[in-house]
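Structure assessment
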Amino acid sequence: TATQGKAENIPPNVASETMRAILAGLPYPQTLLQAAIRRIRAERDVTHPRSALIKACINRSVRFKHPEQKEELKVSLDEANTNIGYRLGRLFATLEKIQQEANPGINATIRDKFYGAASSTPVTVFGTLMNRLMPHHLAKLPLGRRIQFERLTAKIQESVDGQIGYPPTLTLQNQGRFAIGYYHQM
């Protein structure tokens with residue numbers, strides 16, 4: 001969560017609140033989750049340590065509120081997870097993969113331009129991605145691969161479409177789930 005990966009850049013309140021949560025068996029502080037999400041947005045990279053930290057924050061919070069539930073987020077891709085944040089993260093990763101296959105050797109992907117907005121205000125981004133960019137990139141792919149991606153995006157969107165359109169905003173917890181869904185799908 002630290003800028004430039006240096007320990008001295010960790011805000012003191014995050015470290016102390018996290019230690020207190022560990023010792024008292026409480027949920028990890030929201031400031032820790034927020035710091036991890038902020039680093040992902042700043043560096044446009046969902047790394048393994050960050051995704052593990054986000055997963056720990058969310059699972060510990062869920063376990064604290066519902067002791068009978070062991071975990072909400074699994075270790076690997078969970079196709080049965082219908083949380084809107086998780087599903088949109090998976091969808092965003094799929095759209096990025098479509099773009100990468102349609103344009104091999106591309107330097108900047110949709111992640112570089114749209115990740116921040118997609119993970120916090122999906123309604124502002126997903127309409128453009130799904131209605132303009134996806135068809136453009138799919139048209140460049142061989143028929144078999146195009147059909148695979150169309151089926152995958154339709155399957156991911158099944159529960160997303162159950163909602164009425166894309167949500168205007170995602171809560172901090174759902175932004176974390178977006179990052180985990182993206183990481184799992186990638």
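Before any of the text, the structure's been laid out above.
Analysis parameters
Residues numbered from 1 in each chain as written. Predicted model: local features only at pLDDT ≥ 70, side-chain atom pairs only at ≥ 80, totals over all residues. Heavy atoms only, no water. Axes fitted to C-alpha atoms, helices over the stretch in contact; angles between N-to-C directions. Helix = DSSP H or I, 4+ residues; strand = E, 2+ residues; numbered from the N terminus. Parallel < 35°, antiparallel > 145°, perpendicular 65-115°, else oblique. Contact = heavy atoms within 4.5 Å. Nonpolar A, V, L, I, M, F, W, Y, C, P; charged D, E, K, R; others polar. Salt bridge = Lys/Arg side-chain N within 4 Å of Asp/Glu carboxyl O. Buried < 20%, exposed > 50% of the residue type's maximum accessible area, 1.4 Å probe, protein only. Patch = residues over 30% accessible without salt bridge, like charges linked within 9 Å, V, L, I, M, F, W, Y side chains within 5 Å. Areas by Shrake-Rupley, 256 points an atom, 1.4 Å probe, with all protein chains shown as cover. Core = buried A, V, L, I, M, F, W, Y, C linked by side-chain atoms within 4.5 Å. Phe/Tyr/Trp six-rings, centres within 6.5 Å; stacked < 30°, edge-to-face > 60°. Lys NZ or Arg CZ within 6 Å of the ring centre and 35° of its normal. Expected span 1.5 Å × (residues − 1).

1. Focus on the packing of helix α5 (residues 110-120) against helix α6 (residues 126-138)
The contact between α5 and α6 brings their axes to 10 Å, and the two run at 140 degrees. Compared by their axis directions, α5 and α6 come out oblique. For the pair α5 and α6, contact is made by Ile 110, Phe 114 and Ala 118 and by Phe 126, Leu 129 and Leu 133, respectively. Considering only residue class, the contact of α5 with α6 consists of 6 nonpolar, no polar and no charged.

2. Comments concerning the pattern of salt bridges
What the rule picks out here adds up to 7 salt bridges. The salt bridge partner of Lys 155 is Glu 79, with a shortest N-O separation of 3.1 Å. One end of the pair, Lys 155, is in helix α7 (residues 143-162); the other, Glu 79, is in the loop between α3 (48-65) and α4 (84-102), and 76 residues separate them in sequence. You can call Lys 155 partly exposed: its relative accessible area is 41%.

3. What to know about a nonpolar patch on the surface
Nonpolar side chains collect at one region of the surface, where Met 19, Ile 22 and Leu 23 lie side by side and expose about 320 Å² of accessible area between them. Along the polypeptide, Met 19 turns up in helix α1 (residues 12-24). Look at Met 19 and you get partly exposed, because its relative accessible area is 45%.

4. Structural notes on the nonpolar core
Across soluble globular proteins, you tend to see nonpolar side chains buried next to one another. Core analysis: the largest hydrophobic core is formed by 42 residues, its most contacted members being Ile 54, Phe 92, Leu 95 and Phe 126. A total of 9 residues in this core trace back to one element, the largest contributor, which is α4. Not counting residues within four places of it along the chain, the set of residues in contact with Phe 126 comprises Leu 88, Leu 91, Phe 92, Leu 95, Ala 118, Tyr 166 and Phe 178.

5. What about the packing of aromatic side chains?
To describe a pair of aromatic rings, one takes the distance between the centres and the angle between the planes. Counted by the stated rule, this structure contains 7 aromatic pairs. Between Tyr 115 and Tyr 182 the ring centres are 5.8 Å apart and the planes differ by 75 degrees, which places this aromatic pair in the edge-to-face class. Of this pair, Tyr 115 sits in helix α5 while Tyr 182 sits in helix α8 (residues 172-185); the two residues are 67 residues apart in sequence, bridging distant segments of the chain. Of the two residues, Tyr 115 and Tyr 182, both sit in the buried class. Chaining the aromatic ring pairs together yields one cluster made of Phe 92, Tyr 115, Phe 126, Tyr 166, Phe 178 and Tyr 182. When the ring centre of Tyr 28 is taken as reference, the NZ or CZ atom of Arg 60 above it lies at 4.5 Å.

6. A short note on the environment of Leu 91
Turning to its location among the elements, Leu 91 is positioned in helix α4. When its relative accessible area of 0% is taken as the criterion, Leu 91 is described as buried. C-alpha separation for the pair Leu 91 and Asp 78, spaced 13 residues apart in sequence, amounts to 13 Å.

7. Regarding α3
Look at α3: 26 Å from first C-alpha to last across 18 residues, which is about the 26 Å you get at 1.5 Å a residue. In this fold, the buried residues of α3 make contact with α1, α2 (30-43) and α8.

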